[in-house]
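# Remarks on the overall topology
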Amino acid sequence: MNTVTMNVNKIPELYFECENVNPDTFAGKKAAEIAALKGYQGKKISTLGEYFTITGDAGATAADTKIVINGDCTKMKYIGAKMSAGEVVVNSSTDMYTGSWMTGGKLLIKGNVHSFCGLAMKGGEFTVEGNAGNYLGAAYRGDWRGMSGGVLRVKGNAGSDVATFMIGGELIVEGDVDIHIGTHMEGGKIIVKGNANRRVGGQMVKGEIYVFGNINVMMPGYKYKDEVDLEVDGTKAKFIEYIGDLGERHPKKKGEMVYGKLYMKK
Amino acid sequence: MPKVVTDIICPFCGTLCDDIECTVSDDNKTILSVKNACAIGAEKFNHQKLPGRVTRPRMRQADGSFKEVSYDEAIDWTAKMLVASKKTLMYGWASTSCQAMSIGHEIAEKVGGIVDNCATVCHGSSLIAIEDVGVPSCTLGEVKNRADRVIFWGCNPAHAHPRHMSRYSIFPRGFFTVKGHKGRKIYVVDCRYTDTAKCADTFIQVQQGYDYELLNAFRTAARGESLPDTVGGVPKEKIYEVVAELKEGRFGIIFFGMGLTHTMGRNHNIDIAINLTRDMNDFTKFSIMAMRGHWNVTGSGQVLGWQYGFPYAVDLSRRDQARHQTGETTSVDLLVRNEVEACFYIATDPGAHFPVDAMISSSKKPTVTVDPHINCTTEISDIHIPVAMVGVETGGCAYRMDNVPIETRKVVDAPEGMLTDEELLTRINKRVDELMAAGGA
């Protein structure tokens, strides 16, 4: 695997749209060609080379390419967005759309990410070592298909609207989450190891949400079902199972109504 | 001899009352009296004759004072600012005509602007919900002629849309609603006992920030499922009772306002209210409508939607694509994050309504404000360009809150030599073309 190293050499005046910073675009390109790729700030079109010092050539394919980014990326959008293979490691916090629409590969952010990250993610592994903003793993505006595959792990806290319209995959937040988690969810699994504020699983059709901590206010559309012993992300414990959202439509499978499931650690 | 102009459209709120009458002086320059309008609407017409009106552009000087300049000079400065800036916020549009908007959007496409309207701090969250789940809506005429179950959720038309209740929603007698008020059941859901609540048959006092939970409880009750004893301070018996009454109605309508769009959850509150409306259509006919504020904010959404597919916060900065993301391309976020280099405000007053951090950021950027009046925003602008008042001194198309287009009328002449929004934007557009042809960005 070839490694391309990018060091930030200039902080953008506004926010820099790095939609070309992913293994798929870099594949088969030499360092100089990568530096000539376009980056955007409003109507000003510049090159990646203007804001990054780039060393190392990319591999022949995306899968053979690893990108390491050093320096302050808090004003960089779209890093790793739409990547399908390979690896990206960012030694900084990043701005919006990090890892959005990714379909494969590994993306590691050793800092925080802003809102709209992991939007409509389809596959791969996306890990954030710090905190995430709002709309993590959610759908793009107006779309009814949020995260549908892959594993998205945030080691810190996440904001509100996490996993809206989620239809598959696994999303783990090791800290706390704010309001509206798994709204309109139709599949997949969400694990919150800290506390969830309010409105957990509102309008949820199906899927699973596990909360290890407290939920401030429970949605009225959830009903107690049972107590079950489960192993969730390496933790064995007793969970209280609720079904819902009873105010929402639900499909039938083999004559049985399928509900969303909310598990709270006892 | 003074003449009477009839059937004037009121350019104040989204209700767009179309029965205003004005008495106009002989020389067609002054409105002497206004009939039929509410107190706020009448004031809008009376503004026209207030003394001290600015009639020529003013440019900020080094010492902070304003100096009168010609329209040509102001247009040249504005065009140069737009061409030089990498990303410009072009905010407002809610109190001008659709014709002016379309010229403004043409400029935005050329200079890479971000076009946003007042929905961004108002019903933007309703628009996000509509993007997410659609909207079963109707016209106000249908409400007047058919509705027998009227819900006001988090809105107070008695103060914000003063003639809404008498023209459409509570009191009028319509084709199928011959008993008027007596034939309708009125529900008000609010965290305060408002003046609108005084007209209600049933007032439901919800704990602040529990609208989403209460709407969820309504949906759950509509499906016959069990509920906790109270939801948001409302007993479950009350919820079951109201839901049963709603199901018995022939035509129901939910009007909602800032109590849903700007409390916890924002778009989700609207989203679930829309879904409740959808659910109720399993039992009877039900609709939902946003109580839009500025008289033509709906029009801005219509024009932007028709041209670019998004109703507000349309980012044209890449010039080859239109993008929209609430939280990113919305005015307050752009200003707070310092993501724009210049500001162009038209037909609105963000200085009075935006968070202070946003306006502090705005005040540090080159700013042009186009508005007939002196307001909070003009005072932090580099240039204030006064224009004729749309709906009073010039006509133009506007959209009512139910998305019905209505052509507003000219009542009196604007002060001599004053440009309209359309004329001004056309000239800025031409100047932008000249600068770009000469090698501007």
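Being a predicted model, the structure only gives us computed values, none of them experimental.

## What to know about the nonpolar core
Residue and element names in this part refer to chain B. If you look at the biggest cluster of nonpolar residues, it comprises 136 residues, and the most contacted ones within it are Phe-256 and Ala-273. Here this core gets seven residues from one element, more than from any other, and that element is helix α8 (residues 211–222). Beyond its immediate chain neighbours, meaning those up to four positions away, Phe-256 contacts Trp-153, Gly-154, Cys-155, Ile-270, Ala-273, Ala-290 and Met-291.

## Observations regarding the sheet that holds strand β9 (residues 185–190) of chain B
Strand pairing in a sheet relies on backbone hydrogen bonds, with the paired strands running either antiparallel or parallel. Residues and elements named next belong to chain B. Pairing is parallel across the open sheet formed by five strands, whose spatial order is β10-β9-β8-β13-β14. Looking along the sheet, the strands with just one partner apiece sit at the ends: β10 (202–205) and β14 (285–290). Taking each pair of neighbouring strands and ignoring which way they run, the sheet shows an average axis angle of 15°. Where strand β13 (residues 251–256) and β14 come together, six bridges link them in parallel fashion. Within β14, the residue paired with Gly-252 across the bridge is Phe-286.

## Considerations on the interface of chain A and chain B
With 27 residues of chain A at the interface, the matching set in chain B holds 33 residues. Class assignment for the residues of the side of chain A that touches chain B results in 10 nonpolar, 11 polar and six charged.

## Focus: unusual backbone geometry
Following Gly-244 of chain A, the chain continues into Asp-245 of chain A via a peptide bond in cis, with omega recorded as -15°. Not every positive phi belongs to a glycine, and Asn-28 of chain B is a case in point at roughly 65°. Structurally, Asn-28 of chain B can be placed in the loop between β2 (20–24) and β3 (31–35). In this model, Asn-403 of chain B sits at a positive phi of 65°, which is unusual for a non-glycine residue.

## Considerations on the confidence of the model for chain B
For chain B, per-residue confidence averages 96 on the pLDDT scale, and 100% of positions sit at 70 or higher. Both scores are given for the predicted complex: the pTM is 0.96, the ipTM 0.95.

Parameters at a glance
Residues numbered from 1 in each chain as written. Chains lettered and ligands numbered in written order. Predicted model: local features only at pLDDT ≥ 70, side-chain atom pairs only at ≥ 80, totals over all residues. Core = buried A, V, L, I, M, F, W, Y, C linked by C-beta atoms within 7 Å. Buried ≥ 20, exposed ≤ 12 C-beta atoms within 10 Å, placed from the backbone. Helix = DSSP H or I, 4+ residues; strand = E, 2+ residues; numbered from the N terminus. Contact = placed C-beta atoms within 7 Å. Pairing = 2+ DSSP bridges. Axes fitted to C-alpha atoms, helices over the stretch in contact; angles between N-to-C directions. Nonpolar A, V, L, I, M, F, W, Y, C, P; charged D, E, K, R; others polar. pLDDT = per-residue confidence, 0-100.

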